[in-house]
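Next come the chains, spelled out residue by residue.
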Amino acid sequence: MYEDLRELFFKHVCQTSKEPIGLVVERSKGSFVYTSDGKAYLDFMSGIAVNNIGHTNEEVVAAIVEQANKFLHVMVYGEFVLEPQVKLAKRLSELLPEPLNVVYFTNSGTEANEGALKVAKKFTGRKKLVAFEGSFHGDTHGSLSVTGRNVYRKPFEPLLPNVVFLPFDDVNRLDEIDEETAAVITEPIQGEGGIRIPSEKFMHRLRERCSEVGALLIFDEVQTGFGRTGKMFAMEHWGVVPDIVTLAKALGGGMPLGAFVGRREIMETLSEEPPLCHVTTFGGHPVCCAAALASINVIVKMRLWERAREVGSYIVDRLRSIKENSKCISDVRGLGLMIGIEFTSGQIARMVVSEALKRCLILGWTLHSDKVVRITPPLTISQDEVEMGLRIIEEAIRECEEMALSPT
Ligand code: PMP
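Remember, predicted model here, so these are calculated numbers, not experimental data. (Residues numbered from 1 in each chain as written. Predicted model: local features only at pLDDT ≥ 70, side-chain atom pairs only at ≥ 80, totals over all residues. Heavy atoms only, no water.)

Draft legend 1. Structural context of the pattern of salt bridges. Under the criterion given, the structure shown has 30 salt bridges. Across the pair Arg398 and Glu394 runs a salt bridge whose closest N-O atoms are separated by 3.7 Å. Of the two residues, Arg398 and Glu394 both sit in helix H13 (residues 383-405), four residues apart, roughly one turn of that helix. Relative accessible area serves as the criterion here: at 27%, Arg398 is assigned to the partly exposed category. Here Glu394 falls in the partly exposed class, since its relative accessible area comes to 28%. Each of Asp175, Arg205, Glu208, Arg209 and Glu212 takes part in a single network of salt bridges with overlapping partners. (Salt bridge = Lys/Arg side-chain N within 4 Å of Asp/Glu carboxyl O. Helix = DSSP H or I, 4+ residues; strand = E, 2+ residues; numbered from the N terminus. Buried < 20%, exposed > 50% of the residue type's maximum accessible area, 1.4 Å probe, protein only.)

Listed below in structure tokens is the structure:
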């Protein structure tokens with residue numbers, strides 16, 4: 001069964017890399033993924049910052065079942081009044097700072113960014129977009145156009161024209177945001193760029209410069225949202241409020257859901273000239289919205305952003321002491337439970353990930369920075385599970401160091 005499924009996976013499921021992790025999943029619960037060969041894998045990735053409340057949370061499953069028994073899809077987005085969708089929009093508006101209180105739901109992060117870029121162009125009547133080197137905003141044409149890594153854009157050109165990339169966290173270049181700029185899009189903390197945390201000065205000057213020239217500031221909180229960085233939303237670390245925020249990943253509690261959220265005068269441009277200029281069939285599916293509401297309730301009830309902060313700083317401290325005795329770690333950084341270990345080479349990082357997997361710990365590197373191993377466990381992770389994961393990481397690093405240093 002295990003090998004049959006793997007064989008069919010390689011034969012019929014389109015591969016996105018030559019070396020997929022390839023675990024055959026039977027079920028998942030809490031911090032663990034159980035495979036059909038009887039193993040339990042501790043998940044330090046959370047499906048890439050999705051399972052903030054752990055895998056297959058009971059309250060989320062109950063909400064899915066309850067909604068599925070009422071109605072599934074009934075009409076394209078925005079025409080009928082759907083209780084879970086309305087309640088979720090209200091809840092997000094309460095959680096986000098003013099004036100971010102009109103929500104457009106999508107199915108994914110990249111669609112949320114597409115919508116944000118389109119509404120910014122329509123609202124401002126401008127064409128230029130500014131983004132940052134090392135960013136990741138998704139793989140559809142628009143989001144890819146503002147993704148800051150040439151190697152991923154090149155094969156798909158021509159992409160959107162009028163996109164300017166600036167170095168991330170460089171205050172001196174922000175004056176290149178000008179009166180022709182419709183929007184500036186950035187992650188508050190770059191995830192795929194290698195867990196890069198910008199300075200306070202950069203974030204404040206960025207907001208200031210956008211306001212000076214009338215460009216809309218879009219924060220992509222797809223990876224940083226919902227408690228991950230030690231605040232409900234990462235923007236709270238700097239007290240900077242964007243004009244539009246985009247959300248996905250952990251929003252749906254394990255179900256596919258995204259959103260872009262802005263103030264009324266920006267968002268209402270999508271209903272006119274012409275009406276129906278940005279529509280979606282499935283965006284804001286009622287089952288996904290019900291799951292999202294249940295997941296947000298868990299996050300708020302358990303104050304998981306606080307737990308992310310405490311557990312995150314414990315893990316960073318432990319990793320820094322591992323670094324002191326290691327020749328192959330060059331940096332350990334993070335905010336909350338969004339942590340990166342930077343190794344001296346991509347090869348060592350890959351070896352550590354693969355040694356960890358052999359010991360049943362799921363780790364991964366970041367897309368644009370192959371030297372950085374990402375640690376984004378569920379925010380509900382227990383202290384015992386943290387210890388188990390750290391022990392495996394330490395062992396994997398020692399093993400790799402020995403392999404790298406031993407004469408061949
Ligand atoms: N923005 C950011 C910051 C992301 O990390 C990701 C996914 N890694 C996306 C957008 C794209 O999200 P999705 O895969 O849901 O389209």
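Draft legend 2. Just the packing of helix H3 (residues 58-68) against helix H10 (residues 286-301), in detail. Interaxial distance between H3 and H10 falls to 8 Å at its minimum, and their mutual angle equals 150 degrees. By the angle class used here, H3 and H10 are roughly antiparallel. Where H3 crosses over H10, the handedness of that crossing is right-handed. In this structure, H3 uses Glu59, Val60, Ala63, Ile64, Gln67 and Ala68 to contact H10, whose residues at the interface are Pro286, Val287, Ala290, Ala291, Ala294, Ser295, Val298 and Lys301. By residue class, the composition of the contact of H3 with H10 is ten nonpolar, two polar and two charged. (Axes fitted to C-alpha atoms, helices over the stretch in contact; angles between N-to-C directions. Parallel < 35°, antiparallel > 145°, perpendicular 65-115°, else oblique. Left-handed = near helix turned anticlockwise from the far one by under 90°. Contact = heavy atoms within 4.5 Å. Nonpolar A, V, L, I, M, F, W, Y, C, P; charged D, E, K, R; others polar.)

Draft legend 3. Here's a closer look at the sheet that holds strand E8 (residues 216-220). Pairing in this open sheet of seven strands is mixed, and the strands run E4-E10-E9-E8-E7-E5-E6 from one edge to the other. In the strand order of this sheet, the two ends are held by strand E4 (102-106) and strand E6 (163-166), each with one partner. Averaged over all neighbouring strand pairs, the angle between strand axes comes to 20 degrees, with direction disregarded. Of the strand pairs in this sheet, E8 and strand E9 (residues 244-247) are connected by three bridges, and their pairing is parallel. By the bridge assignment, Phe219 is partnered in E9 with Val245. (Pairing = 2+ DSSP bridges.)

Draft legend 4. Structural context of the nonpolar core. Counting residues in each nonpolar core, the largest one holds 109 residues, and the members touching the most others are Phe226, Leu319 and Phe343. With nine residues, the top contributor of residues to this core is H10. Two domains each provide a minimum of three residues to this core, namely domain 1 (2-56 + 303-405) and domain 2 (59-302). Apart from residues no more than four positions distant in its own chain, Phe226 is found in contact with Asn52, Leu92, Met232, Phe233, Leu247, Ala248, Ala250, Leu251, Ile296, Ile299 and Leu379. Judged by nonpolar contacts, the second largest core, of five residues, contains Val33, Met45, Cys360 and Ile362. (Core = buried A, V, L, I, M, F, W, Y, C linked by side-chain atoms within 4.5 Å. Domains from an automatic or database assignment.)

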